[in-house]
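# Structural description and commentary
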Amino acid sequence: MADSDESLTISVSSLKEVKTGKETFTVYVTDCRYGDASWSVLRRYSQFLDLKVHLERAAVVVAAPFPKKGFGFETASGLAKRCVELDAFMRELSDRWSTAASKDVRAQLGAFVDLQAHAGPGIDQAKENRVAMTPPKVTPPKASEEAEGGAAAAYPAPAPAPAVPVWD
């Protein structure tokens, strides 16, 4: 879990039209804050929908209404309404960040906002792994141990290092 002073705050502040070649689509400016770091990411509606579906599979219930996919959002007022609803959805999720029991849910939300890239590797799982990754203290063998089995007997093979999670 995150430290109490390292809460994740997420809000959807605005929307933008993006043109790539012949395609034009809407992205939502998602403002994020974790500890002292703050940044913005651009996300399409489909990415918010993917996050919602994943959370539903993990049995996470969000009270804030999620905007429906479909027609009616092509107008400026429809897009503005969707932006407000996405903001409420993400604010509720970020309010739950420090109390989220599921590491998978925290990982999904962190990946959605590129948390590791912006707040650094010292987040949740990495903090938990620090203890496991601390090398054990090794004392030199006594002269009698060296005579009986050599250094190999006094120094067993090291345990494999724990896997460090990588967020895409």
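So, a few notes on the structure that sits alongside this text. (Residues numbered from 1 in each chain as written. Predicted model: local features only at pLDDT ≥ 70, side-chain atom pairs only at ≥ 80, totals over all residues. Heavy atoms only, no water.)

With that settled, the discussion passes to the sheet that holds strand E3 (residues 37-43). If you trace the three strands from one edge of the open sheet to the other, you get E1-E2-E3, paired in antiparallel fashion. Lying at the two open borders of the sheet, with one neighbouring strand each, are strand E1 (8-20) and E3. For this sheet the average axis-to-axis angle between neighbouring strands, irrespective of direction, equals 20°. Sitting on the sheet, helix H2 (residues 76-95) is in contact with E1 and strand E2 (23-34), with an inclination near 145° to E1. (Pairing = 2+ DSSP bridges. Helix = DSSP H or I, 4+ residues; strand = E, 2+ residues; numbered from the N terminus. Axes fitted to C-alpha atoms, helices over the stretch in contact; angles between N-to-C directions. Contact = heavy atoms within 4.5 Å.)

The next point concerns the pairing of E3. Burial along E3 is one-sided: Ala37, Trp39, Val41 and Arg43 are buried, while Ser38, Ser40 and Leu42, pointing the other way, are not. As judged from the seven bridges shared by E2 and E3, these two strands associate in the antiparallel manner. By the bridge assignment, Tyr34 is partnered in E3 with Ala37. Taking the residues that link successive antiparallel strands as the turn, the E2-E3 hairpin has two residues, and the phi of Gly35 there is positive, at about 60°. (Buried < 20%, exposed > 50% of the residue type's maximum accessible area, 1.4 Å probe, protein only.)

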